[in-house]
Amino acid sequence: MGLRTRCLCCGLLLAFLPVVARDYRFDRHMSEEVLRSYLSRSMTVLDLMTGHGDLDDNIRMLTNCGVKFAGRAIYLWGQEADLPRKLELAKKSAARVRDADPEIILQACVFEIVSQSVTNLPVPDWALTALGQPVEKRNFRYEAMVYPDGRDRDLWGPGASVPDVSCDETKLWFYYLAASYIDAGCEAIHFGQAEIMNRNDRGLDNWAQVIDRARQYAA
């Protein structure tokens, strides 16, 4: 049997297989069945929510393809001072995606980078309160997020380093980012290369604090 004949036979076989009904319903807690349903209909859509490309055409693609999990829909790679503009765009985009299909989950990313641009962003009172830090008028502190011993400093270019999750300022930044993405309409957070941010957190206690607080905010 030739390759084309085998491919044709396989194609005919798949065409006659029963369509598996998938369940996307959940309330606060997601079953493994629902999780697998979402993952089976996932697609990476980098910057979907922040003005890259034609949003209407992208939504048409998502709905026509049956996408239920839209990965990396909003993220920062440095340039933290641009976050407020991106969040405004994201809120509007998320509403339009949900109008097309309320079941779609949008994913945001908290990546393994912080740059000196973060010092241009003010820390909101609610983030300081949530992390048990004194409420004061100040901006985020880049130097308080990077590894004290200089490890991975400038790894991503001058003034762009790997943050140390064991630092209180890093946990404050990650919490602020996650909460802001949730407010913008994201229900999933990807926390980047956790293993290069936890060199001082081998027991993952600090990561647990970040994730627990993000979940509490979502709840």
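Residues numbered from 1 in each chain as written. Predicted model: local features only at pLDDT ≥ 70, side-chain atom pairs only at ≥ 80, totals over all residues. Heavy atoms only, no water.

Draft legend 1. Spotlight on the nonpolar core. Of all hydrophobic cores here, the largest spans 50 residues; its most connected members are Leu48, Leu83, Leu106, Phe140, Trp173 and Tyr181. Put simply, the parts of the chain that give this core at least two residues each are helix 3 (55-65), strand 2 (69-74), helix 4 (83-100), strand 3 (105-109), helix 5 (125-130), helix 6 (168-184), helix 7 (194-197) and helix 8 (205-218). Broken down by element, the residue count for this core peaks at nine residues, all from helix 6. If we ignore the near neighbours within four places in the chain, the residues touching Phe140 are Val118, Thr119, Leu121, Pro122, Val123, Met145, Glu169, Leu172, Trp173 and Tyr176. One finds Tyr24, Val34, Phe69 and Ala188 within the second-largest nonpolar core, a separate group that totals six residues. (Core = buried A, V, L, I, M, F, W, Y, C linked by side-chain atoms within 4.5 Å. Buried < 20%, exposed > 50% of the residue type's maximum accessible area, 1.4 Å probe, protein only. Helix = DSSP H or I, 4+ residues; strand = E, 2+ residues; numbered from the N terminus. Contact = heavy atoms within 4.5 Å.)

Draft legend 2. View of the environment of Trp156. Following the sequence through the fold, Trp156 ends up in the loop between helix 5 and strand 5 (160-161). Residue Trp156 is classed as partly exposed on the basis of its relative accessible area of 32%. Distance from Trp156 to Ile59, taken between C-alpha atoms, is 32 Å for residues 97 residues apart in sequence. Not counting chain neighbours up to four residues away, the residues in contact with Trp156 comprise Trp77, Glu112, Ile113, Ser161, Val162 and Ile196. Within the structure, the side chain of Trp156 is placed 2.9 Å from the backbone oxygen of Glu112, a separation counted as a polar contact. (Polar contact = N/O pair within 3.5 Å; in protein donor to acceptor, adjacent residues only side chain to side chain.)

Draft legend 3. Focus on the pairing of strand 2. For strand 2, the buried fraction is high: five of the six residues fall into the buried class. As paired strands, strand 1 (residues 42-44) and strand 2 are joined by three bridges and run parallel to one another. Bridging across to strand 2, Thr44 finds its partner in Gly71. Crossover connection from strand 1 via helix 3 to parallel strand 2: handedness right-handed. Bridge count for strand 2 against strand 3 is three bridges, and the pairing is parallel. What sits directly across from Ile74, in strand 3, is Ala108. The handedness of the strand 2 to strand 3 crossover, carried by helix 4, is right-handed. (Pairing = 2+ DSSP bridges. Right-handed = clockwise from strand over helix to strand, strands pointing away.)

Draft legend 4. Quick look at unusual backbone geometry. Not every positive phi belongs to a glycine, and Asp152 is a case in point at roughly 60°. Topologically, Asp152 is positioned in the loop between helix 5 and strand 5. We classify Asp152 as buried; its relative accessible area is 19%.

Draft legend 5. How the structure looks around the pairing of strand 3. In terms of burial, strand 3 is largely enclosed, as five of its five residues are buried. Alternating residues of strand 3 divide into Ile105, Gln107 and Cys109 and Leu106 and Ala108, and every residue in both groups is buried. Where strand 3 and strand 6 (residues 188-190) come together, three bridges link them in parallel fashion. In the strand pairing of strand 6, Cys109 is matched with His190.

Draft legend 6. View of the packing of helix 4 against helix 6. Running from amino to carboxyl end, helix 4 crosses helix 6 at an angle of 30°, the nearest separation of the two axes being 8 Å. Judged by the angle between their axes, helix 4 and helix 6 are roughly parallel. Of the residues in helix 6, those in contact with Leu83, Leu87, Ala90, Lys91 and Ala94 of helix 4 are Trp173, Tyr176, Leu177, Ser180, Tyr181, Asp183 and Ala184. (Axes fitted to C-alpha atoms, helices over the stretch in contact; angles between N-to-C directions. Parallel < 35°, antiparallel > 145°, perpendicular 65-115°, else oblique.)

Draft legend 7. Geometry of helix 3. The complete set of buried residues in helix 3 reads Leu55, Asn58, Ile59 and Leu62. Each buried residue of helix 3 lies within a common arc of 100° when the element is viewed along its axis, so the set occupies one face. Set apart from the buried face of helix 3 by more than 90 degrees, the exposed residues are Asp56 and Asn64. Measuring from the side-chain oxygen of the N-cap residue of helix 3 to the backbone nitrogen of Asp56 gives 3.0 Å; that N-cap residue is Asp54. Where helix 3 ends, the next residue or the one after it, Gly66, has phi of about 75°, a positive value. (Arc of directions from axis to C-beta.)

Draft legend 8. Structural context of a nonpolar patch on the surface. On the surface, Phe26, Met30, Leu35 and Leu39 cluster together into a nonpolar patch covering about 330 Å² of accessible area. For Met30, the location among the structural elements is in the loop between helix 1 (3-15) and helix 2 (32-40). (Patch = residues over 30% accessible without salt bridge, like charges linked within 9 Å, V, L, I, M, F, W, Y side chains within 5 Å. Areas by Shrake-Rupley, 256 points an atom, 1.4 Å probe, with all protein chains shown as cover. Salt bridge = Lys/Arg side-chain N within 4 Å of Asp/Glu carboxyl O.)

Draft legend 9. Seen up close, the packing of aromatic side chains. For the structure on display, the rule yields 14 aromatic pairs. Site record: aromatic cluster; members linked through ring pairs are Trp126, Phe140, Trp173, Tyr175, Tyr176 and Tyr217. The aromatic ring of Tyr24 is capped on one face by Lys68, whose charged end is 5.1 Å from the ring centroid. Cation over ring: Lys86 sits above Tyr75, and NZ or CZ is 5.3 Å from the ring centre. (Phe/Tyr/Trp six-rings, centres within 6.5 Å; stacked < 30°, edge-to-face > 60°. Lys NZ or Arg CZ within 6 Å of the ring centre and 35° of its normal.)

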